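# Per-entry structural report
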Amino acid sequence: MHRVVYAYRGKSVDAIINLTAGVAVATTVAAQHACRPAQRIKILVSGAIGGLFPDIDSFSVWPVLFGEWGFWQHAAPAGADIYFGKSWYSHLAFMHSLLGLFLSTGAMALLFSMLHTHVFRRSPNMISALMYLGPYTIAFALAYLLHLAGDLISPSGIWGGMALFFPAKQYVGGWGLVWWWNNYDLLVILLLCIVFNLAMTFGLPMRSEASQRPPVFMFCLALLWISLQISRRETDFNGQNFVTNETLSHEFQESVLGAPVYHQMRKVDEALPFGF
Ligand SMILES: [Zn+2]
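The model shown is predicted, which means the values in this text are computed figures rather than measured ones.

Calculation rules
Residues numbered from 1 in each chain as written. Predicted model: local features only at pLDDT ≥ 70, side-chain atom pairs only at ≥ 80, totals over all residues. Helix = DSSP H or I, 4+ residues; strand = E, 2+ residues; numbered from the N terminus. Contact = placed C-beta atoms within 7 Å. Buried ≥ 20, exposed ≤ 12 C-beta atoms within 10 Å, placed from the backbone. Core = buried A, V, L, I, M, F, W, Y, C linked by C-beta atoms within 7 Å. Expected span 1.5 Å × (residues − 1). Axes fitted to C-alpha atoms, helices over the stretch in contact; angles between N-to-C directions. Left-handed = near helix turned anticlockwise from the far one by under 90°. Nonpolar A, V, L, I, M, F, W, Y, C, P; charged D, E, K, R; others polar. Parallel < 35°, antiparallel > 145°, perpendicular 65-115°, else oblique. pLDDT = per-residue confidence, 0-100.

Now for the overall build of the chain. Within the chain, the regular secondary structure consists of 12 helices and 0 strands. Put simply, 71% of the contacts in the chain that link residues at least 6 apart link residues at least 24 apart.

A word on the environment of Leu198. Mapped onto the fold, Leu198 is located in helix α9 (residues 184–203). Given 17 C-beta atoms within 10 Å, Leu198 falls into the partly exposed group.

This brings us to unusual backbone geometry. In this model, Phe166 is joined to Pro167 through a cis peptide bond whose omega is 10 degrees. Looking at the secondary structure, you find Pro167 in the loop between α8 (126–152) and α9. Its identity as a non-glycine residue notwithstanding, Leu92 has a phi of 65 degrees, on the positive side. Position of Leu92 relative to the elements: it lies in the loop between α5 (76–84) and α6 (98–115). Backbone geometry at Asn182 places phi at a positive 65 degrees, although glycine is not the residue there. When you line up the elements, Asn182 lands in the loop between α8 and α9.

Here we come to the nonpolar core. Residues Ala24, Val25, Ala26, Ala139 and Ala143 are the most contacted members of the largest nonpolar core, which totals 36 residues. Listing elements by their share of this core, those giving two or more residues are α2 (15–31), α3 (37–52), α6, α8, α9 and α10 (209–232). A total of 11 residues in this core trace back to one element, the largest contributor, which is α2. When sequence neighbours within four positions are dropped, the list of residues in contact with Val25 reads Gly47, Ala139, Leu142, Ala143, Leu146 and Phe219. Ranked by size, the runner-up nonpolar core spans 8 residues in total, among them Ala93, Trp159, Met162 and Tyr171.

Let's shift gears to α3. Its 16 residues give α3 an end-to-end C-alpha distance of 23 Å, which sits within 8% of 22 Å, the value for a rise of 1.5 Å per residue. Those residues of α3 that sit buried are Arg40, Lys42, Ile43, Leu44, Ser46, Gly47, Ala48, Gly50 and Gly51.

For the pair α2 and α8, interaxial distance at closest approach is 8 Å and the crossing angle is 140 degrees. In this structure, α2 crosses over α8, and the sense of that crossing is right-handed. Every residue of α8 that contacts α2 at Asn18, Ala21, Gly22, Val25, Ala26, Val29 and Ala30 is listed here: Pro135, Ile138, Ala139, Leu142, Ala143, Leu146, His147 and Gly150. The residue makeup of the contact of α2 with α8, split by class, is 11 nonpolar, 4 polar and no charged.

Moving on, we get to the packing of α3 against α8. At a closest axis distance of 7 Å, the pairing of α3 and α8 adopts a crossing angle of 30 degrees. The angle between α3 and α8 places the two elements in the roughly parallel class. Where α3 crosses over α8, the handedness of that crossing is right-handed. Along the contact surface, α3 presents Lys42, Ile43, Ser46, Gly47, Ile49, Gly50 and Gly51, while α8 presents Pro135, Tyr136, Ala139, Phe140, Ala141, Ala143, Tyr144, Leu146 and His147. Its residues assigned to classes, the contact of α3 with α8 shows 10 nonpolar, 5 polar and 1 charged.

Should pLDDT be low for a region, the predicted coordinates there are not to be read in detail. Confidence in the prediction of the chain, expressed as mean pLDDT, is 86, and 86% of residues score 70 or more. Low pLDDT, under 50, characterises residues 1–12; the predicted model gives this stretch 14 contacts beyond four residues in sequence or across chains.

Structure (structure tokens):
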């Protein structure tokens, strides 16, 4: 039971930061393409889905499937075994690999094409149709890639990293540079990037040079700032026990954000069904 709680807390709770990172990269992609606001919003949705998509492999501990009212509630122990296991469908296996990224992106591109058959009918040629749909796929793929990068620097856990080069059996990453969740400082940077990029994208005329470059610059700046924040963490999050790691992570957050901001963010985090 303890293992199930541990899993659930760990991998649902960082959903918001994965989603935010996906949207941040998607705002950068959306700013590069001359399209209507509705299409830009769809690009952001693609990024959000891409940011969350690899964690589909946590299905076996989702309460809706295995919890008290879940479809397979009696299979709960099996669910935890799948989650912590080394099957291709276990957590941090195939879906957290470059092959998973490639195939999921292909599947999404196919889905986008099927949902936009009118674009293929109306476009003068295949290339222009694909150019039109490209940003959706690119936003999805980049968001997926960011998720994998985020998991590489998380603790190794019971898995010993992730199967990035699946079907090779080696698990890599799990560097423990950040704690699994409560990375409020990184969330603030991503939110700033999104707000700036949305203002540039929706505030300036389409295909304006002025609206294309600043979002790229802002996103690179955000990545740089995130790297800097990560390097400021002096804890090896693989080094201590679970409770100590969590406490050290909270102490770091309070020291960088200041007590008032930290406590506000923690309050929001704890109030949400999916935290940071
Ligand atoms: Zn993940």
